[in-house]
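Listed here are the chains, written in short residue letters.
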Amino acid sequence: MQSPQTLSRPLAQRVENLEAPQPPAVMAPTLTASVVDAAVTALDRGETHYTDRPGIPEFRTWVAEHLRERYDVSVDPSEVTITCGSTEARYVCMTLLAPPGSSVLCPGDSARIRGALHLSGARIVDSIEDDVSLLYITPDVYRETSIELLQRAEESDWWIVYDLSFAKTDPPFHPAQNPKLASRVVTIDSLSHHMAGWRLGWMAGSEMALRLRAGKQAITICTTAVSQWAGLEWVRTAT
């Protein structure tokens, strides 16, 4: 990838050395008739305009209810922001929670955050170092490893991003179940496994929720209205 010759800013220089991301292996979705009908109905009633910038209230409410019912984690719908897939959510979290020059501790697969951190000037480490600002974990990280690192996060006031999207396992465990960590935990998830191409994800929770939303709004206005209404029908009928 080549950066424009007329640009000399550090960001342009980092883009020049950015690795091409590998798309996740996602099966083409088979949508139920009710999901298709929900999308058509949304279009018929004129849902072609911008939604509320955080996302439609109905979908944000479902995300909050899902986190409470599945993980016993309390998140207010006002702390939920619908994103253009989990890729955008990860980018926003990495660039706002990991300052340039800091380290992001990632004990598992770092492929999905590598590009964002390359652009922001932070680095990935797989063991504890003095300048760690953020812990990025998924449900696939060995449970005992997660518990040990979360204890260190509590002691050191790290931010925590818990990424549920594309996870191969789905244990009931969640870092925000610890009330001492809850205010510093951001949950990321998406419907990419089930609605690939609809670009529907979210980030939820933490005392940085509104700032993360502002960061997302600086990148894109909102996820398409038709995707949100179709996604809402999918989660209501499939979960």
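Above this note sits the structure.
Residues numbered from 1 in each chain as written. Predicted model: local features only at pLDDT ≥ 70, side-chain atom pairs only at ≥ 80, totals over all residues. Heavy atoms only, no water.

Engineer: Can you help me understand the side chain of serine 86 in this one?
Structural biologist: In this fold, serine 86 is placed in helix 4 (residues 85–97). Of the residues examined, serine 86 reaches a relative accessible area of 2% and is grouped as buried. Other than its neighbours up to four places away in sequence, serine 86 contacts Ser165, Phe166, Ile188, Asp189, Ser190 and Gly201. (Helix = DSSP H or I, 4+ residues; strand = E, 2+ residues; numbered from the N terminus. Buried < 20%, exposed > 50% of the residue type's maximum accessible area, 1.4 Å probe, protein only. Contact = heavy atoms within 4.5 Å.)

Engineer: How do you make sense of the sheet that holds strand 2 (residues 103–105) when you look at a structure like this?
Structural biologist: Sheet strands line up and pair through hydrogen bonds in the backbone, either parallel or antiparallel. One open sheet accounts for seven strands, arranged 1-7-6-5-4-2-3; its pairing is mixed. If you trace the sheet from one side to the other, it starts and ends with strand 1 (80–83) and strand 3 (123–125), each paired once. Along the sheet, successive strands turn relative to each other by an average axial angle of 25 degrees, direction set aside. Here four bridges tie strand 4 (residues 132–137) to strand 5 (residues 159–163), and the two strands are oriented parallel to one another. (Pairing = 2+ DSSP bridges. Axes fitted to C-alpha atoms, helices over the stretch in contact; angles between N-to-C directions.)

Engineer: Explain the nonpolar core here, please?
Structural biologist: Counting residues in each nonpolar core, the largest one holds 41 residues, and the members touching the most others are Phe59, Val63, Leu135, Leu191 and Trp202. A total of six residues in this core trace back to one element, the largest contributor, which is helix 8 (residues 225–238). By size, the runner-up hydrophobic cluster in this structure holds 21 residues, among which are Leu134, Trp159, Val186 and Leu212. (Core = buried A, V, L, I, M, F, W, Y, C linked by side-chain atoms within 4.5 Å.)

Engineer: Looking at this model, I keep getting lost on helix 7 (residues 209–217). Mind explaining?
Structural biologist: Helical periodicity: at 3.6 residues per turn, an α-helix aligns residues three or four positions apart in one direction. Within the sequence span of helix 7, burial applies to Ala209, Leu212, Arg213, Gly215 and Lys216. Here the buried residues of helix 7 occupy an arc of 160 degrees about the axis, which is enough to place them on one side. Along its buried surface, helix 7 packs onto helix 3 (57–71), strand 1, helix 4, strand 6 (185–190) and strand 7 (201–204). (Arc of directions from axis to C-beta.)

Engineer: Would you take a moment to explain the layout of surface pockets for this structure?
Structural biologist: Taking a probe equal in size to a water molecule and rolling it over the atoms shows the remaining empty space. Approximately 370 Å³ is the volume found for the second largest pocket. Contributing elements (two or more residues each) for the lining of the second largest pocket: helix 3, strand 6 and helix 8. If one sorts the elements of the lining of the second largest pocket by residue count, helix 3 sits on top with four residues. In the lining of the second largest pocket, the residues fall into ten nonpolar, eight polar and three charged. (1 Å grid on protein atoms, 1.4 Å probe; cavity = no way out; pocket = protein on both sides within 12 Å on 5 of 7 lines; lining within 4 Å. Points joined across faces, edges and corners; volume = space filled by probe spheres on them. Nonpolar A, V, L, I, M, F, W, Y, C, P; charged D, E, K, R; others polar.)

Engineer: Just checking my understanding: could you explain the packing of aromatic side chains for this structure?
Structural biologist: Working definition: an aromatic ring pair is given by the centre-to-centre distance plus the angle between the planes. Overall, the coordinates contain four aromatic pairs when judged by the stated rule. Ring geometry for tyrosine 162 versus phenylalanine 173: centroids 6.3 Å apart, planes at 85 degrees, classification edge-to-face. On the criterion of sequence distance, the pair formed by tyrosine 162 in strand 5 and phenylalanine 173 in the loop between strand 5 and strand 6 is long-range, its members being eleven residues apart. The exposure class of tyrosine 162 is buried, given its relative accessible area of 1%. Ring pairing ties together the aromatic residues Phe59, Trp62 and Trp202, which thus form one cluster. (Phe/Tyr/Trp six-rings, centres within 6.5 Å; stacked < 30°, edge-to-face > 60°.)

Engineer: Help me understand the side chain of threonine 51 in this model?
Structural biologist: Of note, threonine 51 is situated in the loop between helix 2 (33–44) and helix 3. Using a relative accessible area of 10% as the deciding quantity, one classes threonine 51 as buried. Within the structure, threonine 51 has its side chain in polar contact with the side chain of glutamine 228 (distance 3.4 Å). (Polar contact = N/O pair within 3.5 Å; in protein donor to acceptor, adjacent residues only side chain to side chain.)

Geometry only, nothing functional implied.
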